[in-house]
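Read off the chains here:
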Amino acid sequence: MDKHFFWGGSIAAHQCEGAFEEDGKGLGIMDLVTDGSHERPREICKTIEKDKFYPSHTAIDFYHRYKEDIALFAEMGFTALRISVDWSRIYPMGDEEEPSQAGIDHYVSVVEELLRHKIEPIVTLCHFEMPYHLVEQYGSWTNRKVIDFYLKYCRTMFEALKGKVRYWSTFNELNHIDPATEASDIFTYIIAGMKYSEMEHPAQTLASIGYHMTAASVKAVRLGHEIDPENRIGCVFGLQPVYAYNCRPDNALNAFQEMYRDFYQLDGMCRGRFPEYKLKEYERMGIVLEGLEEDREDFAKGTLDFIGVNYYSSSVGHCEEMEGDETLFGGVQNPYLELSRWGWSIDPTGLRYLLNAVYRMYGKPVIVTENGLGAVDVLEEDRSIHDDYRIDYVSKHLQQLKLAVEEDGVDCFGYLMWGPIDLVSATTGEMKKRYGFIYVDKNDDGTGTLERYRKDSFYWYQRVIASGGEALDGNG
Ligand code: BGP
């Protein structure tokens, strides 16, 4: 791979930092979500209840251990790390006049530590970390005032990290909410702090949230470019190929529609205008959007510099001939693919398919901002962890990524593995669903020493990076 290709990983503040009450941090939406499991959904609370366990409150204590963890990433040879800033550390309530200096200082220190190790920081401005007060007091993204609060927060970070951070993402996975389809509570909550089942007019609410976040992103891109023209600003999407079950035209059309449902915001951010087809659909559904005229210029001038793709699995479009289990992100399970223990299909070819689709559609540089396998790891007595299944997963995906770049000509400039250090699962709240190259001694109930241990995959990824992506087989 090109020598400028970014090799690294992605983490998110609410899943790794802990320290949820330190240095004036406000309550973030994920601070109200309890632990759960594959079988038991996480509970979404309105206040913190004493007898419940909230994994984000302590997480893996990255807030205090970031130096030690960044040294481990450097040891693996990382050239990039995607982190997120927790909005509620900068503006604890979201609507204050002045930001919290302690919050800003913390992220400046983290970024400086990365730079000291020659690791490029890639900063997500909102990875499910909205101040809860903005939900309670203002109705979250249904209210256009929240766009202004978000932009104020973005300005604070663009200015604080000017000259230090060049790569930004306005949001993480603001997709998965489409007014035409039923959403799950956890998805609408992590994106906007609101439960789907409690929305009075779900279609209108989801459309407003989706539109306002898209408008917030294009405005943030403009702002970031004004503050520093060197800034490269993208947005991260959680995408998956949806295959047609067979060549019956109806099935092909349905699979297409199910797949591209996740793309309307990306269209809006890349093509200089909010998509006409979505407005037509809204008209038919009686949905009204506010601010279209006012935001027009921002859409035209705030197009993305790059696209971040989070890729985990693929699915099959619904059709009469096949009944299968529903997947988390829509569509049904593909009978040709194996599933992870959490029911996510494993489809390396899907990564090549998706990178091609996204690159050909928009012609913009693409980066894999997340990819990985959630699995149960065993810590042996000698503190080793033999995770050959993870090596196999990442290796096969990297082989497909290479084909996309070297044979198909996709301009993909990096691979960031999700959760290079074990952290709290977003959908289930578990620690046991581990992604890392680095094992963290922490259990689902919060017990554990928090010690870090290198897994077999740690040494494997180190060899992959050192070889510039050549040594992809299990033995390096
Ligand atoms: C993505 C999110 C991440 C991460 C990942 C894995 O959608 O951007 O925050 O959590 O999925 O999901 P999980 O943690 O539920 O296994």
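Thresholds applied
- Residues numbered from 1 in each chain as written.
- Predicted model: local features only at pLDDT ≥ 70, side-chain atom pairs only at ≥ 80, totals over all residues.
- Heavy atoms only, no water.
- Axes fitted to C-alpha atoms, helices over the stretch in contact; angles between N-to-C directions.
- Helix = DSSP H or I, 4+ residues; strand = E, 2+ residues; numbered from the N terminus.
- Parallel < 35°, antiparallel > 145°, perpendicular 65-115°, else oblique.
- Contact = heavy atoms within 4.5 Å.
- Nonpolar A, V, L, I, M, F, W, Y, C, P; charged D, E, K, R; others polar.
- Near = heavy atom within 4 Å.
- Polar contact = N/O pair within 3.5 Å; in protein donor to acceptor, adjacent residues only side chain to side chain.
- Areas by Shrake-Rupley, 256 points an atom, 1.4 Å probe, with all protein chains shown as cover.
- Buried < 20%, exposed > 50% of the residue type's maximum accessible area, 1.4 Å probe, protein only.
- Pairing = 2+ DSSP bridges.
- Disulfide = S-S within 2.5 Å.
- Core = buried A, V, L, I, M, F, W, Y, C linked by side-chain atoms within 4.5 Å.
- Phe/Tyr/Trp six-rings, centres within 6.5 Å; stacked < 30°, edge-to-face > 60°.
- Salt bridge = Lys/Arg side-chain N within 4 Å of Asp/Glu carboxyl O.

Q: Give a detailed account of the packing of helix H14 (residues 388-407) against helix H15 (residues 456-466), specifying residues and quantitative values.
A: Their axes nearest at 9 Å, the elements H14 and H15 cross at an angle of 25°. Taken together, the axis directions place H14 and H15 in an arrangement best described as roughly parallel. Of the residues in H15, those in contact with Arg 390, Ile 391, Val 394, Ser 395 and Leu 398 of H14 are Asp 456, Ser 457, Trp 460 and Val 464. Among the residues making up the contact of H14 with H15, the classes are represented as five nonpolar, two polar and two charged.

Q: Before we move on, could you go through the site of the ligand and cite the residues and values that matter?
A: Residues in close proximity to the ligand total 15 residues, the closest being His 127, Ala 426, Thr 427, Lys 433 and Tyr 435. Here an oxygen atom of the ligand sits 2.8 Å away from a polar atom, N or O, in the main chain of Ala 426. For the ligand, an oxygen atom lies 2.5 Å from a polar atom in the side chain of Tyr 435. Taken by itself the ligand offers 380 Å² of open surface, and the protein chains cover 97% of this. Partitioning the shell around the ligand into residue classes produces six nonpolar, six polar and three charged.

Q: Could you give me a rundown of the pairing of strand S9 (residues 366-370), with the residues and numbers involved?
A: The buried fraction of S9 amounts to five of the five residues, a majority that puts the element mostly inside the structure. In the sheet, strand S7 (residues 306-310) pairs with S9 via four bridges, with the strands oriented parallel. Paired with Ile 307 across the strands is Val 366, a residue of S9. Examined bridge by bridge, S9 and strand S10 (residues 412-418) share two bridges and lie parallel to one another. Residue Val 366 lies in a different strand from S10, and its bridge partner there is Cys 412.

Q: Could you give an account of the state of the cysteines, naming the residues involved and the relevant values?
A: By the definition in use, this model includes zero disulfides. Free of any disulfide, Cys 412 has its nearest neighbouring cysteine sulfur in Cys 270, separated by 15 Å. By relative accessible area, Cys 412 is classed as buried at 6%.

Q: Would you mind going over the nonpolar core in detail, with residue names and values included?
A: Within the largest apolar cluster, 142 residues are counted, with the highest numbers of intra-cluster contacts made by Trp 87, Trp 141, Tyr 150, Tyr 153 and Tyr 461. Counting residues per element, this core draws most heavily on helix H8 (residues 202-227), at twelve residues. Counting eight residues, the second largest nonpolar core, distinct from the first, contains Ala 80, Ile 122, Phe 306 and Phe 413.

Q: I'd like to hear about the side chain of Glu 258, residue by residue, with values.
A: With respect to the secondary-structure elements, Glu 258 resides in helix H9 (residues 249-260). Of the polar contacts made by the side chain of Glu 258, one reaches the side chain of His 318; its length is 2.9 Å. Beyond its immediate chain neighbours, meaning those up to four positions away, Glu 258 contacts Val 242, Gly 317, His 318, Gly 330 and Gly 331.

Q: If you had to explain the packing of aromatic side chains to someone new, which residues and values would you point to?
A: Enumeration according to the criterion identifies 31 aromatic pairs in this entry. When the centroid spacing of 5.3 Å and the interplanar angle of 70° are considered together, the rings of Phe 458 and Tyr 459 count as edge-to-face. Note on Phe 458: relative accessible area 0%, which makes it buried. Within the aromatic cluster, the residues linked to one another by ring pairs are Phe 5, Trp 7, Phe 73, Phe 78, Phe 437, Trp 460 and Tyr 461.

Q: Can you explain the environment of Gly 372? Please cite residues and give values.
A: In this fold, Gly 372 is placed in the loop between S9 and H14. By relative accessible area, Gly 372 is classed as buried at 4%. The spatial distance from the C-alpha of Gly 372 to the C-alpha of Leu 289 is 37 Å, given a sequence separation of 83 residues. Beyond its immediate sequence surroundings of up to four residues, Gly 372 is in contact with Tyr 311, Tyr 312, Tyr 393, Met 417 and Tyr 435.

Q: So what's going on with the sheet that holds strand S1 (residues 6-10)? Which residues, and what values?
A: The sheet built from eight strands closes into a barrel, its strands ordered S1-S2-S3-S4-S5-S7-S9-S10 with parallel pairing. Across the sheet, the mean angle separating the axes of adjacent strands is 25° when strand polarity is ignored. Along the sheet, helix H4 (residues 101-116) contacts strand S2 (80-84) and strand S3 (120-124); its crossing angle with S2, the most-contacted strand, is approximately 170°.

Q: Requested: an account of the pattern of salt bridges, with residues and values cited.
A: By the definition in use, this model includes 41 salt bridges. Ionic pairing is found between Lys 164 and Glu 112, a salt bridge with its closest N-O pair at 3.5 Å. In this pair, Lys 164 is assigned in the loop between helix H6 (145-160) and strand S4 (167-172) and Glu 112 in helix H4, connecting sequence segments 52 residues apart. Given a relative accessible area of 27%, Lys 164 falls into the partly exposed group. Since its relative accessible area comes to 38%, Glu 112 is described here as partly exposed. The closest approach of N and O atoms between Glu 113 and Arg 116, which form a salt bridge, is 3.0 Å. One end of the pair is Glu 113 and the other is Arg 116, both in helix H4 and three residues apart, which spans about a single turn. By relative accessible area, which is 58% here, Arg 116 ends up exposed. Overlapping salt bridges, with partners in common, bring together Arg 144, Lys 219, Arg 222, Glu 294, Asp 295, Glu 297, Asp 298 and Lys 301 in one network.

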